[in-house]
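Architecture at a glance
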Amino acid sequence: MTDIDDLRWADNFPGREPCLGEIFCLTFIRGVDEREALRRMGGLPGSFATRTPSEMEAQKNFDNGYPEVASALPLGDWTVVFEPGGFHGTGLTPVLSRGTEAVSVLRHDYASPGFAYSVDGELVTGFDPTFPAYRTGADPDRLLTRMREVGFAMGEDDDNFDRDTARGLVLVERLTGVLPTLDALTGPLVSAHFEPWFTDKPKQPAGRPGVDGPVDAIAETRRLTGLLGLTGTPGLAEALAAAERGEKVTVSPESPLGRHVRDWLAESRRAGRSLNDHSGQVTEEKRRRAFDHGWLARALGAALQQVR
């Protein structure tokens, strides 16, 4: 088994090499190849290519709509999905584990890190590696013995700010028998843009700026499409009618409706992230409209999942 000292790259800060970054996610899925692993993440057709991490980072630009990008590396019976600067894998493990199992470690120095282990669509054990005494899932104590073995402190007053990502990876190895090397992760790998909206992960409730609490998702979708002049979007009326009948609705990223959803999400990301990169390519009027596109995508996602 890997010694925790061999995983300093997992917790090192920029400027103290080797370092993989202050935000990254590694998600392991058993019994699938690289393309299937990325497809389960919401990988978008037409975006698959072999890229290095620097080439992946270069994809996150205004023209591309700042997409989420991940790569995949086969490791025996498992495939590991690497999100440089990304954080979706831990929240997607129930979806990724359908018919198999998935385990994910998230380093996030500016929000909440995470560890998640799911089997056949159900979260078994999840926790914040810095506070492992507090666990969730169908069987929160399933990994307790192994967690102690790799050095997680279990007292409610204990913290694990020292080497918490590395400990999470050693725990992954105890579960899977595999771990990637830093060289393997940072070399050229099969990668793709991905959009979690197209997975079956439970969507956020529909909301509206200035309104506390959720709103009716179908009504909000119709309100926003009317406001934005999008009532004639191909496939939208049929999808909402099916949702009102309580039918399961699946929107593929290559369908006419799916392509519009992708555009709405990209416009919303441009509006938000261009504020930080000072691109100056979005006027305030266009920014407000783009944010409405984001609210519309959220409302539609919730509408198509709700049971009536």
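Going by the structure above, here's the rest.
Residues numbered from 1 in each chain as written. Predicted model: local features only at pLDDT ≥ 70, side-chain atom pairs only at ≥ 80, totals over all residues. Heavy atoms only, no water.

What the protein chain contains, in helices and strands, is 10 helices and nine strands. Expected size for 308 residues packed as a compact globule is a radius of gyration near 19 Å; at 20 Å, the protein chain falls within 12% of this value. For the C-alpha atoms alone, the extent of the protein chain along its principal axes is close to 60 × 40 × 40 Å. In the protein chain, buried positions account for 52% of the 308 residues. In the protein chain, once contacts between residues fewer than 6 apart in sequence are set aside, the share between residues at least 24 apart is 66%. In the form shown here, the protein chain has an accessible surface area of approximately 14,400 Å², with 48% of it arising from carbon and sulfur atoms. (Helix = DSSP H or I, 4+ residues; strand = E, 2+ residues; numbered from the N terminus. Rg over C-alpha atoms; globule rule 2.2 N^0.38 Å. Buried < 20%, exposed > 50% of the residue type's maximum accessible area, 1.4 Å probe, protein only. Contact = heavy atoms within 4.5 Å. Areas by Shrake-Rupley, 256 points an atom, 1.4 Å probe, with all protein chains shown as cover.)

Moving on: the pairing of strand β1 (residues 23-30). With seven of its eight residues buried, β1 lies for the most part within the structure. With seven bridges joining them, β1 and strand β4 (residues 78-84) adopt antiparallel strand pairing. From the neighbouring strand, F28 faces β4, where its bridge partner is V80. (Pairing = 2+ DSSP bridges.)

Aromatic rings in a pair are described by how distant their centres are and how their planes are angled relative to each other. This structure, assessed with the given rule, holds four aromatic pairs. Their ring planes at 80° and their centres at 5.5 Å tell us that F127 and F152 sit as a pair that is edge-to-face. Of the two residues, F127 sits in strand β7 (residues 122-127) while F152 sits in the loop between α4 (144-149) and α5 (164-176), which places them 25 residues apart along the sequence. Exposure remark for F127: the relative accessible area of 5% places this residue in the buried category. Arranged with centres 5.0 Å apart and planes meeting at 70°, the rings of W197 and F198 form a pair that is edge-to-face. An aromatic cluster is defined as three or more aromatic residues linked by ring pairs; in this entry it consists of F115, F127 and F152. Just above the ring of W197 sits the side chain of K203; from NZ or CZ to the centre is 5.5 Å. (Phe/Tyr/Trp six-rings, centres within 6.5 Å; stacked < 30°, edge-to-face > 60°. Lys NZ or Arg CZ within 6 Å of the ring centre and 35° of its normal.)

Turning our eyes to something else, we now look at the environment of T225. Mapped onto the elements, T225 comes out in helix α7 (residues 217-228). Residues T225 and L296, 71 residues apart in the sequence, show an inter-C-alpha distance of 7.4 Å. From its side chain, T225 meets the backbone oxygen of R222 in a polar contact 3.0 Å long. (Polar contact = N/O pair within 3.5 Å; in protein donor to acceptor, adjacent residues only side chain to side chain.)

With that settled, consider the nonpolar core. Where a protein is soluble and globular, its nonpolar side chains tend to be buried together. Counting residues in hydrophobic clusters, the biggest one holds 35 residues, and the most contacted among them are W9, L26, F28, V103, F115, L169 and L171. Here W9 is in contact with P18, C19, L20, L26, R107, L169, P180, L182 and L185, once residues within four sequence places are set aside. (Core = buried A, V, L, I, M, F, W, Y, C linked by side-chain atoms within 4.5 Å.)

Further remarks concern the sheet that holds strand β9 (residues 189-194). Reading across from one edge, β2-β9-β3-β4-β1-β5-β6-β7-β8 is the order of the nine strands in this open sheet, with antiparallel pairing throughout. With one partner strand each, in any of the chains shown, β2 (49-51) and β8 (135-136) form the two edges of the open sheet. Its contacts with the sheet place helix α3 (residues 89-96) against β1, β4, β5 (101-108), β6 (114-119) and β7, and it is angled at close to 170° to β5. Helix-sheet contacts for α5 involve β1, β4, β5, β6 and β7, and the interaxial angle to β5 is about 170°. (Axes fitted to C-alpha atoms, helices over the stretch in contact; angles between N-to-C directions.)

Enumeration according to the criterion identifies 21 salt bridges in this entry. E267 serves as the salt-bridge partner of R270, at 2.7 Å between the closest nitrogen and oxygen. Of this pair, R270 and E267 both sit in helix α9 (residues 256-277), three residues apart, roughly one helical turn. In the salt-bridge network here, residues are joined through shared partners; they are D5, R8 and R163. (Salt bridge = Lys/Arg side-chain N within 4 Å of Asp/Glu carboxyl O.)

Time to look at the environment of A192. Residue placement: A192 occurs in strand β9. As a C-alpha pair, A192 and R298 span 106 residues in sequence and 22 Å in three-dimensional space. Beyond its immediate sequence surroundings of up to four residues, A192 is in contact with L38, S47, F48, R51, E68, V69 and A70.

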